[in-house]
Amino acid sequence: MGEIVELEIPARPELLSLARLVITGAATIEPAFSDDRIDDLRIAVSEACTNAIEAHVSSGAADRITIRCDLAEDRIEVEVTDNGTGFDPYALDAAPDAEHPDRLAYESGLGIPLMKVLVDETEFRASPTGTVVRLVVARHPRRTSE
Amino acid sequence: MISVDTQVRGSWTVIAAVGEVDVVSAPELRAEIVRVVSEGFSDVVLDLSGVVFIDSFGLGVLVGAVKRIQAHDGHLRVVIGEARVHAVLELTGLDRVLDLYDSLEPAIAPLGAGG
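Rules used in this analysis
- Residues numbered from 1 in each chain as written.
- Chains lettered and ligands numbered in written order.
- Predicted model: local features only at pLDDT ≥ 70, side-chain atom pairs only at ≥ 80, totals over all residues.
- Heavy atoms only, no water.
- Helix = DSSP H or I, 4+ residues; strand = E, 2+ residues; numbered from the N terminus.
- Buried < 20%, exposed > 50% of the residue type's maximum accessible area, 1.4 Å probe, protein only.
- Contact = heavy atoms within 4.5 Å.
- Axes fitted to C-alpha atoms, helices over the stretch in contact; angles between N-to-C directions.
- Left-handed = near helix turned anticlockwise from the far one by under 90°.
- Nonpolar A, V, L, I, M, F, W, Y, C, P; charged D, E, K, R; others polar.
- Core = buried A, V, L, I, M, F, W, Y, C linked by side-chain atoms within 4.5 Å.

Student: Looking at this model, I keep getting lost on the overall build of chain A. Mind explaining?
Tutor: The helix and strand tally for chain A stands at three helices and five strands. Reading the secondary structure of chain A in the N-to-C direction produces β-α-α-β-β-α-β-β. Burial analysis of chain A (146 residues in total) assigns 44% to the buried set. In chain A, the proportion of contacts linking residues at least 24 apart, taken out of those at least 6 apart, comes to 65%.

Rendered as structure tokens:
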């Protein structure tokens, strides 16, 4: 386990930019990670926090969301925990390929596919009392898709 | 946090956004696109050269803009400045459905000009 940075914020969208700033600032402390990988982490954390905030808003949960960042030498692991109504991220349809005629029907629901392509590991642990999203970015360059 | 400014440049209506496009700011950009197109200006340049961050909500705005402008038989060109924003479009395949430019001047060239 590396150094831990933990941030707890009210579930308000206006605080997303603060969450991005803190987590990417923490990641920048570890010089082994390239700017590209930190950019990947910035977007993925933002998507996870957006989902967490939306879960709180839709379920009326008043608690805060927690963003826990474990800074290890070869990887950065972030867990975003909310107390909103759990959801099943695996039930979401993936957007079709870019040139597919139906592609333009997908204006939303792009967040989870984007998270999955940006980071090396994604894990969703959903329960009726909330969801934990775990994101892992490794030091090596992002794997390119087929 | 985003600022949105709209100007007419030749035959194009240029909507320039500066800042971060996320769940908070995306609705403002979407509303401006909807307003411009509904007023009959369907040849639109989205100048995102000042955008330093875009997430899935921003991508959703771009997809919506393509759809809305196509429905009005218009044209959409998108200017991207930051490499990190361009990278997100590549990752999601949207670079293949958007008419992308590196800077504003070529993006506001008249339709059919310059090949």
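Student: Where do I start with the packing of helix 1 (residues 16–29) of chain A against helix 2 (residues 35–59) of chain A in this structure?
Tutor: For any two helices packed against each other, the geometry is given by the interaxial angle and the distance between the axes. Residue and element names in this part refer to chain A. Look at helix 1 against helix 2: their axes get within 9 Å of each other, and the N-to-C directions meet at 145 degrees. Here helix 1 runs over helix 2; the crossing is right-handed. Along its contact with helix 1, which presents L16, A19, R20, I23, T24, A27 and T28, the element helix 2 presents I38, L41, R42, V45, S46, C49, T50 and I53. Per-class residue counts for the contact of helix 1 with helix 2 are nine nonpolar, four polar and two charged.

Student: What is the right way to look at the nonpolar core in this model?
Tutor: Note that soluble globular proteins tend to have their nonpolar side chains buried in a common cluster. I67 and V78 of chain A together with L29, L46, L48 and L76 of chain B are the most contacted members of the largest nonpolar core, which totals 67 residues. Sorting elements by how many residues they give to this core places helix 2 of chain A first, with nine residues. Sequence-distant contacts of L48 of chain B, that is, excluding residues within four places in its chain, are made with A17, L29, L62, V78, V79, I80 and G81 of chain B. Counting residues in hydrophobic clusters, the runner-up holds eight residues, among them V14, V79, L104 and I108 of chain B.

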